[in-house]
Amino acid sequence: MFKKAVEAKSHQRLSGADRKKLRRTVQNRFILLTDDLLDSILPPKVEITVSKFQNRVLVYSIEGGRPMFFDIDGRGNEIFPTVFALWEAPEMLPSFMLKGGEVSRYVIGGADLMFPGIWIPAEGFPSFSAGEIWAVKVPGNLAPIAVGFTTMSSAEALKAGLRGKALRITHYYRDFLWESAEGHYVPNAGFMEDVVMEDPSYLVEISDASAGPQTSTGNEEDESADVNDTGPSASHTDAKNDTEEHVVGSMNELNLGDDVSANEANNDKQNTLSPEEVDALLDQCLLQALHTTLKEKDLPIPGSTLWANHVLPCRPPGLTLDIKKSSHKKLSKWLQSKASTGMIAVKEDKHKKEIVLISVNRKHPNYSSFKPEKKKAEISESSGERSTAQAQSDKMLEIVEVYKPSIHNSAIFASVGEDKGRLYTASEASDVVFKYIEKENLVKPTNRSMVVLDPILCDALFKGAIKKGSAYPSEIHKKDVGPTFVGRMQPNHVVMRGGGEPVVRKGAVKPVQIMTERRQGNKKVTKVSGIETFLIDPDSFGSELQKKFACSTSVGELPGKKGYEVLIQGGVIDDVARYMVEHYGVPKRYIEVLDKTRK
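In every chain, residue numbers begin from 1 and rise along the written sequence. Only residues with pLDDT of at least 70 get local features here, since the model is predicted, and only at 80 or more are side-chain atom pairs given and counted; chain-wide, interface and lining totals rely on the full set of residues. As a rule here, side-chain values cover all heavy atoms of the structure and leave hydrogens and water aside.

- If you check an unreviewed UniProt entry, the protein appears there as Eukaryotic translation initiation factor 2D from Noccaea caerulescens.

### Examining the overall build of the protein
Line of reasoning, step 1. Every helix listed is a DSSP run of H or I at least four residues long, and every strand listed is a run of E at least two residues long, numbered separately from the N terminus. Helix and strand content of the protein: 21 helices and 24 strands.
Line of reasoning, step 2. Going through the 599 residues of the protein one by one, you find that 43% of them count as buried.
Line of reasoning, step 3. Every residue pair with non-hydrogen atoms within 4.5 Å of one another is taken to be in contact. Considering only contacts in the protein between residues 6 or more positions apart, those separated by 24 or more positions represent 61%. The buried label applies to any residue whose accessible area, calculated with a 1.4 Å probe on protein chains only, is under 20% of its type's maximum; exposed applies above 50%, and partly exposed to all values in between.

### A look at the confidence of the model for the protein
Line of reasoning, step 1. Each residue carries a pLDDT score, the predictor's confidence in it, ranging from 0 to 100. Predicted confidence across the protein gives a mean pLDDT of 79, with 81% of residues reaching 70 or more.
Line of reasoning, step 2. Note that pLDDT drops below 50 for residues 182-264; the model gives that stretch 125 contacts with residues more than four away or on any other chain.
Line of reasoning, step 3. Segment residues 376-391: pLDDT under 50, and five contacts once partners within four positions in sequence are set aside and those in other chains are kept.

### Side note on a positive patch on the surface
Line of reasoning, step 1. Every patch collects residues that have over 30% relative accessible area and no salt bridge, joining them within 9 Å if they carry like charges and within 5 Å if they are nonpolar side chains (Val, Leu, Ile, Met, Phe, Trp, Tyr). Using a 1.4 Å probe, the Shrake-Rupley method yields the accessible areas, and only the shown protein chains count as cover for residues. The working definition used for a salt bridge is a side-chain nitrogen of Lys or Arg within 4 Å of a carboxyl oxygen of Asp or Glu. Just so you know, the count uses Lys and Arg for positive and Asp and Glu for negative, and it drops His and the chain ends. A single reference atom marks each charge: NZ on Lys, CZ on Arg, CG on Asp, CD on Glu. Residues Lys9, Lys52, Arg56 and Arg75 make up a contiguous surface patch of positive charge.
Line of reasoning, step 2. When you line up the elements, Lys52 lands in strand E2 (residues 48-53).
Line of reasoning, step 3. With a relative accessible area of 37%, Lys52 lands in the partly exposed category.

### Some words on the packing of aromatic side chains
Line of reasoning, step 1. Only centres within 6.5 Å qualify two rings of Phe, Tyr or Trp (six-membered ring in Trp) as a pair; their planes then separate them into stacked at under 30 degrees, edge-to-face at over 60, and tilted for everything else. One pass over the structure, following the stated rule, counts 19 aromatic pairs.
Line of reasoning, step 2. Measuring from centroid to centroid gives 5.5 Å for Phe96 and Phe128, while their planes differ by 85 degrees, and the two rings are edge-to-face. Residue Phe96 is located in strand E6 (residues 95-97), and its partner Phe128 is located in the loop between strand E7 (113-114) and strand E8 (133-137); the two are separated by 32 residues in the primary sequence. For the pair formed by Phe96 and Phe128, the shared burial category is buried.
Line of reasoning, step 3. Centroid distance Tyr579 to Tyr584: 6.1 Å. Interplanar angle 65 degrees. Geometry classified as edge-to-face.
Line of reasoning, step 4. Overall, Tyr579 belongs to the buried group, its relative accessible area being 8%.
Line of reasoning, step 5. Each member of the aromatic cluster is reached from another via a ring pair, and the members are Phe96, Phe115, Phe125, Phe128 and Trp134.
Line of reasoning, step 6. For a Lys NZ or an Arg CZ to count as sitting over a ring, it must be within 6 Å of the ring centre and within 35 degrees of the ring normal. A cation over an aromatic ring shows up here: Arg422 above the ring of Tyr424, its NZ or CZ 4.0 Å from the ring centre.

### A look at the sheet that holds strand E15 (residues 424-425)
Line of reasoning, step 1. DSSP bridges decide pairing: two strands pair if at least two such bridges lie between them. Here four strands make up an open sheet; going across it, the order is E15-E14-E18-E19 and the pairing antiparallel. On the outer flanks of this sheet lie E15 and strand E19 (503-506), each paired with one strand and no other.

### With respect to the sheet that holds E7
Line of reasoning, step 1. Strand order in the open sheet formed by five strands is E6-E8-E9-E10-E7, and the pairing between neighbours is mixed. Every other strand in the sheet has two partners, leaving E6 and E7 as the edge strands with one partner each.

### A short note on the packing of helix H20 (residues 538-549) against helix H21 (residues 573-584)
Line of reasoning, step 1. Contact geometry for H20 and H21: axes closest at 12 Å, N-to-C directions at 115 degrees. Judged by the twist between their axes, the crossing of H20 over H21 is right-handed. Residues Phe541, Glu544, Leu545, Lys548 and Phe549 of H20 form the contact with H21, whose participating residues are Asp575, Val576, Tyr579, Met580 and Tyr584.
Line of reasoning, step 2. Gly is placed with the polar residues, together with every amino acid not listed as nonpolar (Ala, Val, Leu, Ile, Met, Phe, Trp, Tyr, Cys and Pro) or charged (Asp, Glu, Lys and Arg). Class assignment for the residues of the contact of H20 with H21 results in seven nonpolar, no polar and three charged. Lines are fitted to the C-alpha atoms to define the axes, a helix being fitted only along its stretch in contact, and any angle between axes, read from their N-to-C directions, falls within 0 to 180 degrees. What makes a crossing left-handed is the near helix being turned counterclockwise from the far one by less than a right angle; a clockwise turn instead makes it right-handed.

### Describing the side chain of Ser326
Line of reasoning, step 1. Within the secondary structure, Ser326 sits in the loop between helix H12 (303-311) and helix H13 (331-340).
Line of reasoning, step 2. Ser326 gets classed as buried once you look at its relative accessible area, which sits at 0%.
Line of reasoning, step 3. Not counting residues up to four positions away in its chain, the partners in contact with Ser326 are Pro275, Val278, Asp279 and Leu282.

### A word on unusual backbone geometry
With the exception of glycine, most residues fall at negative phi, and the peptide bonds are largely trans.
Line of reasoning, step 1. The omega angle of the peptide bond from Leu299 to Pro300 is -5 degrees, so this bond is cis rather than trans.
Line of reasoning, step 2. By the element assignment, Pro300 lies in the loop between helix H11 (275-292) and strand E11 (301-302).
Line of reasoning, step 3. Phi at Arg174 takes a positive value of approximately 85 degrees, unusual for a residue other than glycine.
Line of reasoning, step 4. In this fold, Arg174 is placed in the loop between strand E10 (165-172) and helix H6 (176-180).
Line of reasoning, step 5. In this structure, Ala550 is a non-glycine residue whose phi angle is positive, near 50 degrees.
Line of reasoning, step 6. By secondary structure assignment, the location of Ala550 is in the loop between H20 and strand E22 (553-557).

### A few points about the environment of Leu457
Line of reasoning, step 1. Note on placement: Leu457 falls in helix H18 (residues 455-462).
Line of reasoning, step 2. Take Leu457: its relative accessible area is 0%, and that puts it in the buried class.
Line of reasoning, step 3. For the pair Leu457 and His408, spaced 49 residues apart in sequence, the C-alpha separation works out to 9.6 Å.
Line of reasoning, step 4. The residues contacting Leu457, other than those within four sequence positions of it, are Ile412, Val433, Tyr436, Ile437, Leu442, Val451 and Val452.

Right under this line is the structure:
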């Protein structure tokens, strides 16, 4: 669900009625969740924000950017807790216990949980139905590392010999949803490294906060054998029982060794900041955002969106940015104080009762004297992930839709000093037109969301597209400038597979066509064409399908067209489409299917 980074389309604060609705939904969904535990996860007086993603997923976060629940279908029918919520209330869900730390490395790498990796307690295998939400834990640690839903019932699992997929993981520790909250709230973030990187002798145990790190000193080979044969040892179970009484519902009592010291140092540093120092930190993050992430095309922007998407990501690592610890206490008052200096302009949206950033004075002394920091990308990848990535590198597909300036808008590129002969992504092209708008000062003073059209910009957007006799528009909304400008450019696309050379082709991306039809004898045949666009060799592809579906295949030239067609015996239209998505990385939007055998 969150293996890949996906940006939210919008952020919105929940109203009082929506907050109550969310609490009711959560209580009805998770019957083990008491009122006290729910108050610790969704505090009554803390602001709750809902983020909407392109895949219809809704993420509910509390103040400070900590995601607590996510809704897969956006209707409240499939709502799941995040690991942050489970760390506050581990008893909120039933859980599967892993056989050891060596299994956890695959779970937090994005793999689903298989039945052989589950430890079966002495009282027997737990009872459950298909589609139930369960958490995943490691021995000796009450902090869940993942959450998902069961793929079959316990009866079906026992009938299958406890083989196959047990839990389809929807969210796990270290995925992109977890990373989105890093720095906001990462309690004892080092505990998972112990589970994964050490040997499977269950080095992580729970004790009270005053105890030192507990480690195993026995023979590693014997312990590994015990893990594989009988699950957690008796001594480990006793230690767990002795220490469970110290757990009070938070993760503050996990032993982390040096990581605890580092986290405590960061917390102490945060707690010792005076209101004046927090004010300075806020100003620094705002200036960093204005220089690096906030573009002119984003304006006007609501204060909550500015805070979540731009200010918070610019805070220093290890520090929590809390507006309530500043002298301003509220986001609106802080932005109004910055507006009083002349660096920004804000207004209050009377309908939504929210402060809105209208414009930025980029000639202000505070803005011009600030030097933004360049952040280094941090890439952490386990050896297992690296080997998997290396094995699949030859099939990794990357498609980039690019655009070339046309005769309509080449004057815009020339005016701002950009190369008219190179290729641009949609985002880069949009930046060029807004650069021209800023240069010519075309934003309407009385309505900052509108752009006044001068002759050059009007021709670039509408010349030849307006019917004869119709008047040309004199202004356009900011949100329509970018798409209209890109639509007037010449489409191209770049395709690259693995570490090979990128291939640039003119025109838009032509989709793969998969069609099933009937032949003589009422037999079905599936045709696949257009795979060369995605750098797939037709002969190799046909051989793979022959082995995959145990059917005969053939490859021939398309009549009257360039390219080849792969013919597969049988109606395997859905299977072929799924195979291309999973094994060749072809996006679903580039696959067209047509089943002529259906009436």
